[in-house]
Structures are given as C-alpha cells and as structure tokens.
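Okay, here's what each chain looks like letter by letter:
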Amino acid sequence: MKKIAYLTLAFLFSNACSQTDKSENNKNMNEITANNIVEKVASQVKHYPNEPLYYIYIYSNICLYEVLVNDYPVVKNYDYGTYATPFYINSAILKSGTQKITLRLHPIGKYQDMFDLPNFTKDTKMEIKVYENDNATGLKIENAKLVKTYTTPTKTMMLGQDKDIKEEWFVAEGKDYYEASFTFDAQVPYEIEGWSKGQDLRKFDQKLLEQKVVEFYKQKSKIYSPPNLDEIAKRKYMSLRDQMIAEYEDRNYIQDAWNEYVMDYNSSYKIQPLLKNYKLEFYGENKLVILLNTSTDVRYRGKTALTAHFIDKDGDESLDFLSFVLYLPEGKKLEDGLEVIRSIVFGWSLF
C-alpha cells in the first residue's frame with residue numbers, strides 16, 4: 001500500500017489562520033493532474049516562526065487496538081506486537097483547541113488465530129504518551145515536551161487465602177472489547193476545514209447510503225485499472241494537501257511523497273472485485289464513511305473492502321487496499337453523490 005511518510009511537525013502559539021478556501025479548491029480540482037499536483041499542494045503550504053509537531057507513542061500488552069484522533073483513525077494494529085516508532089497526528093488536528101484521542105482495544109484472540117485468548121486478561125494494558133516538538137529541532141525526544149500520558153485503568157483485587165495480597169488488574173479483564181477517550185490541548189498555526197462541514201451520515205437512510213458508497217467504490221476504482229494518474233491525482237489532492245499543510249512540508253518532500261504514493265501504479269496493477277463481506281464504518285463524528293471488509297481472512301482483517309493485485313518494485317506479487325474516505329458537504333443531497341476527502345493507509349501484504 002502506498003505510504004506517505006510522516007515528517008516532523010511543529011508548534012505555534014498564535015491565532016490560527018485559514019489556508020483552505022473550499023470554493024477555490026473545488027474550482028481548481030479539475031485542473032489537478034499528475035504533473036502539477038506537487039506544485040498545487042506546495043502552493044497551499046505556509047511556514048511560521050514556530051511550527052508544532054504532535055505525535056504519540058503507544059505501549060500495549062496482550063491486546064490489539066485502534067487509535068483515533070478526533071475520531072479519525074491514525075493507527076490500526078491487528079498484529080500482536082508493539083510499535084517502537086512514533087505516530088504523527090497533526091493531519092488529524094484541524095485547528096487549535098481541545099483534541100480527543102480514542103483507543104479501542106480487542107483481545108488478541110479476536111484477530112490472531114494462534115492465540116486462544118478471546119477475552120482480555122488481568123495484565124492487558126495500554127499506555128499512550130502525547131508529545132509536542134518543533135519542526136526546527138527535528139525528531140529528537142530530548143527536545144520534546146510530554147503533553148499527556150494516558151494509561152488504561154485498573155481495579156484493585158485482594159487475593160490470597162487471607163485476601164491480603166493486593167494486585168491491580170485491567171478494569172475490563174474478562175471482556176472482549178474496551179473503549180476509552182482522553183483529551184489534550186493543541187495549538188497550531190493553521191486551520192483546515194477537512195470534514196468539519198460534512199453532514200452527519202447516520203441521519204440518512206442507511207440502505208441508500210450503503211448503495212451510494214458501494215457505487216462510488218465500484219465507479220472510482222476504474223481509474224486504477226489501468227491506473228490513470230491524472231484522475232488519481234484529483235482523488236488524492238485534498239488528502240495530500242491537508243496532510244502537507246498540517247506538517248509544513250516543503251516541495252521536495254511533497255514530490256517524494258507523491259512519487260512514493262504512485263510508485264506501484266504500474267501495468268500490473270489490477271483492481272479486484274469488491275469483497276463480498278463488508279460494512280459501512282463511520283469516522284469524524286459520523287461525517288466520514290468508508291467501506292470496511294468483515295472477512296476473517298488474516299490478510300484482509302480491519303482493512304478496506306476494495307483491493308488490487310500488483311507486482312511491486314522488488315518483483316513480489318502484492319495486495320493493495322484502496323480506501324476512499326467519503327463525506328457529504330453541507331447543502332448537498334445524498335442522491336447527488338458522495339465526495340472523497342481523505343484516504344486511510346491500511347498497509348500492504350505479500351501473498
């Protein structure tokens with residue numbers, strides 16, 4: 001799967017200034033091509049005396065998890081293991097103020113057949129640390145400020161024959177799902193409209209919504225097989241633009257990000273039929289929707305229902321997951337059709 005690397009972000013304590021003019025961007029969408037997308041995005045990025053970076057470190061024990069920032073997914077880990085790298089979250093921060101982080105925990109037996117653990121154990125735990133850094137200093141933990149630490153709560157258990165041994169157990173021990181949220185304050189110099197003016201998709205007829213989402217996935221997937229880079233650029237523009245604004249990236253970085261994104265769109269790239277088992281998954285306070293597969297196949301779990309086969313640069317046969325994050329702008333009818341606003345990176349797999 002195409003991955004746009006996350007560079008260091010930064011921090012400014014000043015009034016937010018809007019960088020996205022929706023009407024102008026809509027007018028310019030038809031002008032976007034594979035040849036000019038880098039320049040178009042770079043022209044939207046501004047720089048500031050102080051540029052804030054926010055990122056999180058995650059420690060987990062005996063659980064699988066999803067982490068969302070402002071109800072937008074930034075991490076999905078359905079493999080039993082702990083990431084040692086930070087996850088940059090500025091692209092999920094639309095403006096200064098209170099930000100919400102949500103964690104959703106699953107027992108490791110839910111998605112890992114090798115483990116006979118259908119429920120949380122007493123030792124299940126997650127810790128999330130939110131850091132702030134400045135773009136000028138680069139990613140140096142010694143220069144970072146710890147903004148917030150969250151640890152999953154425990155319950156006190158008195159054990160032993162005389163009930164005199166005290167232990168702390170995970171509060172959801174024995175259960176098969178746990179969700180919690182916490183907040184932190186962020187100050188950023190930009191303001192991105194993002195999905196903030198989208199409509200609540202839960203309020204629409206869900207059968208019609210599903211029909212429109214499926215139609216969109218099937219119709220728009222045609223531009224990938226064979227790949228039409230100009231049309232792909234139009235679909236990717238808003239997502240790439242918002243990320244680069246939030247990360248204060250320069251033109252060279254944007255060019256590298258675009259090159260990496262399209263590197264696997266070669267003649268071998270073939271869209272596969274939509275997976276039969278899927279559901280609508282909502283994000284962004286129900287303003288965003290994707291088509292998520294519900295397959296039990298380990299290659300597909302937790303990923304989008306639209307896949308493609310291709311031969312990568314190393315000659316390996318690979319599987320790609322395309323996610324169109326859709327929304328409906330204010331004032332638009334569902335019958336008029338949904339629009340792409342973001343793409344979520346789900347990762348790629350080798351056969």
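Criteria and cut-off values
Residues numbered from 1 in each chain as written. Predicted model: local features only at pLDDT ≥ 70, side-chain atom pairs only at ≥ 80, totals over all residues. Heavy atoms only, no water. Helix = DSSP H or I, 4+ residues; strand = E, 2+ residues; numbered from the N terminus. Expected span 1.5 Å × (residues − 1). Buried < 20%, exposed > 50% of the residue type's maximum accessible area, 1.4 Å probe, protein only. Arc of directions from axis to C-beta. Polar contact = N/O pair within 3.5 Å; in protein donor to acceptor, adjacent residues only side chain to side chain. Pairing = 2+ DSSP bridges. Axes fitted to C-alpha atoms, helices over the stretch in contact; angles between N-to-C directions. Phe/Tyr/Trp six-rings, centres within 6.5 Å; stacked < 30°, edge-to-face > 60°. Salt bridge = Lys/Arg side-chain N within 4 Å of Asp/Glu carboxyl O. Parallel < 35°, antiparallel > 145°, perpendicular 65-115°, else oblique. Left-handed = near helix turned anticlockwise from the far one by under 90°. Contact = heavy atoms within 4.5 Å. Nonpolar A, V, L, I, M, F, W, Y, C, P; charged D, E, K, R; others polar. pLDDT = per-residue confidence, 0-100. Bend = angle between axes of the 7 residues up to and from the residue.

**Re helix H5 (residues 251-262)**
Taking 1.5 Å per residue as the helical rise, H5 with its 12 residues ought to reach 16 Å, and the 17 Å between its terminal C-alpha atoms agrees with that figure. Every buried residue of H5 is accounted for by Tyr 253, Ile 254, Ala 257, Trp 258, Tyr 261 and Val 262. All buried residues of H5 fall inside an arc of 160 degrees around its axis, so they share one side. For H5, the side-chain oxygen to backbone nitrogen distance between the N-cap and Asn 252 is 3.3 Å, and the N-cap itself is Asp 250.

**Brief notes about the sheet that holds strand S11 (residues 178-186)**
Overall, antiparallel pairing links the 4 strands, which are arranged S4-S3-S6-S11 in an open sheet. Edge positions in the sheet fall to strand S4 (72-77) and S11, since each of these pairs with one other strand and no more. When strand polarity is set aside, the average angle formed by the axes of neighbouring strands in this sheet is 20 degrees. The sheet contact formed by strand S3 (residues 64-69) and strand S6 (residues 97-106) spans 6 bridges and is antiparallel. Directly across from Leu 68, in S6, lies its bridge partner Thr 102.

**Observations regarding the packing of aromatic side chains**
One pass over the full model with this rule turns up 19 aromatic pairs. Pairing Phe 216 with Phe 324 gives two aromatic rings, centres 5.7 Å apart and planes at 75 degrees, and the pair type is edge-to-face. Placement of the pair is Phe 216 in helix H3 (residues 206-220) and Phe 324 in the loop between strand S17 (317-321) and strand S18 (325-327), with a sequence separation of 108 residues. When sorted by exposure, Phe 216 lands in the same class as Phe 324, which is buried. Ring geometry for Tyr 265 versus Tyr 269: centroids 4.8 Å apart, planes at 80 degrees, classification edge-to-face.

**A few points about the pattern of salt bridges**
Summed over the entire model, instances satisfying the criterion amount to 15 salt bridges. The salt bridge involving Asp 242 is made with Arg 241; its shortest N-O contact spans 2.8 Å. With respect to class, Asp 242 is no different from Arg 241; both count as buried. A salt bridge links Lys 279 to Glu 281, with the nearest nitrogen and oxygen atoms 3.7 Å apart. A single salt-bridge network, built from bridges that share partners, covers Asp 71, Arg 104 and Glu 179.

**Structural notes on the sheet that holds strand S7 (residues 125-134)**
The strand order S5-S2-S7-S8 describes an open sheet built from 4 strands, whose pairing is antiparallel. Each edge of the open sheet carries a strand with a single partner, namely strand S5 (87-88) and strand S8 (145-151). Direction of pairing for S7 relative to S8: antiparallel, over a ladder of 6 bridges. Across the sheet, Glu 127 pairs through a bridge with Thr 151, a residue of S8.

**Re the pairing of S7**
Of all 10 residues making up S7, 7 are buried, and the element is well covered by its neighbours. As defined by bridge partners, strand S2 (residues 52-61) adjoins S7 across 10 bridges and the pair is classed as antiparallel. Following the sheet pairing, Tyr 57 is matched in S7 by Lys 129.

**A short note on the packing of helix H4 (residues 229-247) against H5**
Contact geometry of H4 with H5 gives a least axis separation of 11 Å together with a crossing angle of 135 degrees. Of the possible angle classes, the one that applies to H4 and H5 is oblique. Here H4 and H5 pass one another in a crossing that is right-handed. Two secondary-structure elements touch here, H4 through Leu 229, Ile 232, Ala 233, Lys 236, Leu 240 and Met 244 and H5 through Tyr 253, Ile 254, Ala 257, Trp 258, Tyr 261 and Val 262. Residues belonging to the contact of H4 with H5 are distributed by class as follows: 11 nonpolar, no polar and 1 charged.

**Some points on the confidence of the model for the protein**
Mean pLDDT over the protein works out to 86, with 86% of the residues at or above the 70 mark. Element-level pLDDT for the protein is lowest in strand S20 (residues 349-350), with a mean of 32, against a maximum mean of 98 in S11. The low-confidence segment residues 1-25, where pLDDT is below 50, has 113 contacts with residues more than four positions distant or belonging to other chains.

**Quick word on H4**
For the α-helix, the turn length of 3.6 residues means that residues three or four positions removed from each other point alike. The largest bend along H4 measures about 50 degrees and falls at Lys 236. With 15 of 19 residues buried, H4 lies mostly within the body of the structure.

**Examining the environment of Asn 70**
Relative to the assigned elements, Asn 70 resides in the loop between S3 and S4. Look at Asn 70 and you get buried, because its relative accessible area is 18%. Asn 70 sits 215 residues away from Glu 285 along the chain, and the two C-alpha atoms are 8.1 Å apart. A polar atom in the side chain of Asn 70 sits 2.7 Å from the side chain of Gln 99.

**Some thoughts on the environment of Leu 322**
Relative to the elements of secondary structure, Leu 322 occurs in the loop between S17 and S18. Linking Leu 322 and Lys 303, residues 19 residues apart in sequence, is a C-alpha distance of 8.9 Å.

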